[in-house]
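Descriptive structure summary
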Amino acid sequence: MTLTKKLLLGGLGAAAAFAAAPAFAQAVAKEYQYLTFAVFGAIIALTMFVTYVAAKRTKTVADFYAAGGGVSGLQNGWAIAGDYLSAASFLGIAGLISLYGYDGFMYSVGWLVAYITVLLVIAEPCRNIGKYTMGDILAFRNNPKVVKTFMAISTITVSTFYLTAQMVGGGVLVKTLIGIDYEISVIAVGILMMAYVLFGGMVATTWVQIIKAILLVTASLLMVALVWGQYGFSLPGYLGEVIKDPKVQARVAALLGDAAKNMTPEQLGQRYLEPGLLFKAPIDQISLGMALVLGTAGLPHILMRFFTVPTAQQARKSVIWAMAIIGGFYVLTLFLGSGAAMKVGPANIAAVDAGGNMAAPLLAQYLGGGANSVLGNLFLAFVAAVAFATIVAVVAGLVLAAASAMSHDIWVGVIKGDNATSDEELRAARICSVIVGAMAITIGILAKGQNVAHLVALAFAVAASANFPVVLLTLYWKRCNTGGVVAGLVVGTLAAIALVLVSPNMTYPLQVKAAQEKIIKTQDDRIAKFNSDVQGITAAIEAAKASNQPLAAGMDEAALAKAKAGIAAAEKTKAGAQQKIADLGTSTTSLVGLEKPLFELRNPGLISIPLGFLAVFLGSLLYRDRRAEEMWEELYVRSNTGIGRAAAAAH
Amino acid sequence: MVFAIIYYFLLPIGAAYFPELYKIKVWGPINVGLLFALSQFIVAWGIAWYYARRASQFDSMADAIARDAQKIGGKR
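Please read all numbers here as calculations on a predicted model, not as lab measurements.

Calculation notes
- Residues numbered from 1 in each chain as written.
- Chains lettered and ligands numbered in written order.
- Predicted model: local features only at pLDDT ≥ 70, side-chain atom pairs only at ≥ 80, totals over all residues.
- Heavy atoms only, no water.
- Helix = DSSP H or I, 4+ residues; strand = E, 2+ residues; numbered from the N terminus.
- Areas by Shrake-Rupley, 256 points an atom, 1.4 Å probe, with all protein chains shown as cover.
- Rg over C-alpha atoms; globule rule 2.2 N^0.38 Å.
- Buried < 20%, exposed > 50% of the residue type's maximum accessible area, 1.4 Å probe, protein only.
- Contact = heavy atoms within 4.5 Å.
- Lys, Arg positive; Asp, Glu negative; His and termini not counted.
- Charge placed at Lys NZ, Arg CZ, Asp CG, Glu CD.
- Salt bridge = Lys/Arg side-chain N within 4 Å of Asp/Glu carboxyl O.
- Axes fitted to C-alpha atoms, helices over the stretch in contact; angles between N-to-C directions.
- Parallel < 35°, antiparallel > 145°, perpendicular 65-115°, else oblique.
- Buried area = accessible area lost by both parts, 1.4 Å probe.
- Nonpolar A, V, L, I, M, F, W, Y, C, P; charged D, E, K, R; others polar.
- Patch = residues over 30% accessible without salt bridge, like charges linked within 9 Å, V, L, I, M, F, W, Y side chains within 5 Å.
- Arc of directions from axis to C-beta.
- Disulfide = S-S within 2.5 Å.
- Polar contact = N/O pair within 3.5 Å; in protein donor to acceptor, adjacent residues only side chain to side chain.

As for the overall build of chain B
Helix and strand counts for chain B stand at three helices and two strands. Tracing chain B from N to C terminus, the helices and strands come up as α-α-β-β-α. Total accessible area on chain B is roughly 4,800 Å²; 70% of this is exposed by carbon and sulfur atoms.

Here's the deal with the overall build of chain A
In terms of regular secondary structure, chain A is built from 26 helices and zero strands. Relative to its length of 651 residues, chain A is compact, with a C-alpha radius of gyration of 27 Å against a globular reference of 26 Å. Principal-axis analysis of the C-alpha atoms gives chain A an extent of 105 × 55 × 45 Å. With 651 residues in all, chain A has 60% of them scored as buried. For chain A, the share of sequence-separated contacts (at least 6 apart) that also reach a separation of at least 24 residues comes to 83%. About 24,600 Å² of surface is accessible on chain A, with carbon and sulfur atoms providing 66% of the total. Computed over 47 positive and 36 negative side-chain charges, the separation of the two mean positions in chain A equals 4 Å.

What to know about the environment of Val534 of chain A
All names here are of chain A. For Val534, the position within the fold is in helix H22 (residues 509–546). In this structure the C-alpha to C-alpha distance between Val534 and Ile567, which are 33 residues apart in sequence, comes to 9.7 Å. In this structure, Val534 is in contact with Leu560, Ala563, Lys564 and Ile567, ignoring residues within four places of it in sequence.

Some thoughts on the pattern of salt bridges
Residue and element names in this part refer to chain A. A full pass over the atoms with the stated rule returns six salt bridges over all chains. Note that Asp524 and Lys574 form a salt bridge whose closest N and O atoms lie 3.0 Å from each other. Taken together, the positions of Asp524 in helix H22 and Lys574 in helix H23 (residues 557–584) put the pair 50 residues apart, joining distant regions of the chain. Given a relative accessible area of 18%, Lys574 falls into the buried group.

As for the packing of helix H5 (residues 87–100) of chain A against helix H18 (residues 374–415) of chain A
Residues and elements named next belong to chain A. Between H5 and H18, the least distance of the axes is 9 Å, while the angle of their chain directions is 140°. Taken as axis vectors, H5 and H18 run oblique relative to one another. Taking contact as the criterion, the partners of Ala87, Phe90 and Leu91 in H5 are, on H18, Val383, Ala387, Thr390 and Ile391.

Side note on the interface of chain B and chain A
Of the residues lining the interface, 41 residues belong to chain B; the matching set on chain A comes to 44 residues. Across the interface of chain B and chain A, roughly 3,800 Å² is buried in total on both sides, 76% from carbon and sulfur atoms. Secondary structure elements with two or more residues in the side of chain B that touches chain A: helix H1 (2–17), strand S1 (25–27), strand S2 (30–31) and helix H3 (32–72) of chain B. Here the side of chain B that touches chain A gets 20 residues from one element, more than from any other, and that element is H3 of chain B. Partitioned by chemical class, the residues of the side of chain B that touches chain A number 30 nonpolar, five polar and six charged.

Side note on the side chain of Gln523 of chain A
Residue and element names in this part refer to chain A. Here Gln523 lies in helix H22. Judged by its relative accessible area of 8%, Gln523 falls in the buried class. Ignoring anything within four residues of it in the chain, the contact list for Gln523 reads Ala570, Thr573 and Lys574.

What to know about a nonpolar patch on the surface
Residue and element names in this part refer to chain A. Together, Phe150, Val490, Val491, Leu494, Ile607, Leu611, Leu614, Leu618 and Leu622 line one region of the surface with nonpolar side chains, adding up to about 770 Å² of accessible area. At the level of secondary structure, the elements contributing two or more residues to the nonpolar patch comprise helix H21 (482–501) and helix H24 (605–622). Here Val490 shows up in helix H21. Judged by relative accessible area, which is 31%, Val490 ranks as partly exposed.

Re the environment of Val412 of chain A
Residue and element names in this part refer to chain A. Following the sequence through the fold, Val412 ends up in helix H18. Its relative accessible area of 2% is what places Val412 among the buried residues. Sequence spacing of Val412 and Glu183 is 229 residues, and the spatial spacing of their C-alpha atoms is 35 Å. The contact partners of Val412, leaving out residues within four places of it in the chain, are Ser407, Gly417, Asp418, Asn419, Ala420 and Glu425.

Focus on helix H11 (residues 246–256) of chain A
Residues and elements named next belong to chain A. Among the residues of H11, those classed as buried are Val248, Gln249, Arg251 and Val252. Burial along H11 is one-sided: seen end-on, the buried residues are contained in an arc of 160°. Opposite the buried face of H11, by more than 90 degrees, sit the exposed residues Pro246 and Ala254. On its buried face, H11 sits against H5, helix H10 (235–244), helix H12 (265–271), helix H15 (312–343) and helix H16 (346–352). Gly257 occupies a position one or two residues after H11 and carries a positive phi of about 65°.

Some points on the state of the cysteines
All names here are of chain A. Per the counting criterion, the structure on display carries zero disulfides over all chains. Sulfur of Cys126: no disulfide; nearest cysteine sulfur belongs to Cys480 and is 14 Å away. What makes Cys480 buried here is its relative accessible area of 0%.

Thoughts on the side chain of Thr133 of chain A
All names here are of chain A. On the secondary structure map, Thr133 appears in the loop between helix H6 (102–129) and helix H7 (134–139). A distance of 2.8 Å separates a polar atom in the side chain of Thr133 from a polar atom in the side chain of Asp409. Those residues within four positions of Thr133 in sequence are excluded, and the remaining contacts are Phe307, Ser404, Ala405, His408 and Asp409.

Re the environment of Arg602 of chain A
Tracing the backbone shows Arg602 of chain A in the loop between H23 and H24. If we skip the residues at most four places from it in the chain, Arg602 of chain A touches Asp284, Ser503, Pro504 and Asn505 of chain A.

This is the structure we're talking about:
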């Protein structure tokens, strides 16, 4: 099979999401599947070996939740990078760059800048104040049972949103990459993740993250060296070739539509490096930026990583390493994305996966020698296996965060009143991991075919609007107290969720219908025009035959065939639109009963973050809590010096 | 922190309201917008490096306080 043909088949398979012919819904041809399984097997075996070693070291509850505090700054830096470079950022951003050029790269910047917040305000105090969970940080000077309950609920909420997006995204990805069924992919991801978490706890999760991050960076460096090296590692030279590529120029022309008519190919190519191909509403992007920059510092699975290092200095060092790795990686994605656009072509990438997620794997296949070479498929299999490991590792981190909130905050902190032995708590933590893991698999299967992309944005929005304000103000505002923490968590979480429920992220049947009807109308017009063309050309051909004249240019059989093909294509588009209207059924309102969005922002951060902060302020001022103020000085000293923090377990 | 956030938000705001500025070519096909986006990485790393240097000075102060606290017999 040729590359294009295979891509088309892959695209058809991916589009017909539940097609029963998995053989076509994949990027690797059947005859090379053994390579995929071999590489997947090798990477899974490596992580399993690590889990086996880790399991022998996981004896106490501190080992399970926080790897006994025995992780070094450098190791933790790689692990944070591993947690953060989820499939969404690895495959997603490379895809966005390949499809939208500059705007995709601009999108990646916020993910790194977010770490400035983590470094400057969160990492060190968290390590000094907290023990295993975010609830521990809040409980230091507030009513422990109350704040732990609310913080645990918020942790589980954020982790579940993130988890759902990862499970569904992972299921689709594995299905596209190696062609196994969606349900089996989800269950495989779930079982592997449970094995890491249950047996190896935080030690195994940390090492799986480190291995995965190293593999990811290695694969990316290799690909960038191959694609950039051809142009002598010259940045202008390389980008100059990218924008000279007709596939890139065609993509820009398609995105711009009518506006592209008067542009030369050079202008079209240069446009790829200019803003505005993806983001049309700047306010939306600013709102997303706020959620990223403040939300990262409120993500439970990221904060949890700071409990694994022995000192605040190591916590700081780990953020610095993480920033170097994450930032360096995002610079590499510029080359991965633009390289895939030039070598594979945006149209071919979008044909396999509309979101562009296959840009990096397809580039790997190309660089290794193409779809029909052993090396190409080996390289593709390697990148696919790294992507798979990425999903499993990120899911493991999330499950651990949610399970520790459930067992450490709710069961031990609230129900047992902090009276549980290490063995009891370890057992509780494992039981909670099984519960959360089973929940993740169930949700993953139930959410099959749903659009879950906005769930990651929602997780960041809740983290930024609820978790971040309460942690920040508990650490830095003397008057903050239990009333403020509860108000902030409740208002922040509900505001973010409510605003998303009434935002354009939801499906609005009437709007979909109107858009599809417009498509049908355009296609009807095109069909009518082509029909009149067909009549005109047929008449001209007959007239020419009758008078024995040669056929005029543009009025011959070729033109006739072209017009007929145009009719067929328009009919097909029209049928697709009609199908979409039929799919809507009789519903006229969104999930919450709205005909059109009440709130125009896709990301609620711009409104819900200030609301969260306001709630903490008001709640703290209206509620009197002597303990919170008395504890302030102790907290201040401890967050800055670490005095009183339990010494790390020796390993 | 404030500088980092303002610098970051200038990027999308600039892209939205001053696209012409971003389109000025500087080095071959490389334009102002691309350089500005790349500079975000440099600035973020610069801030991190500067903070790490300053913080290591505070480390020794914190250690001294912690030692003193232990001497007077404060909590562990």
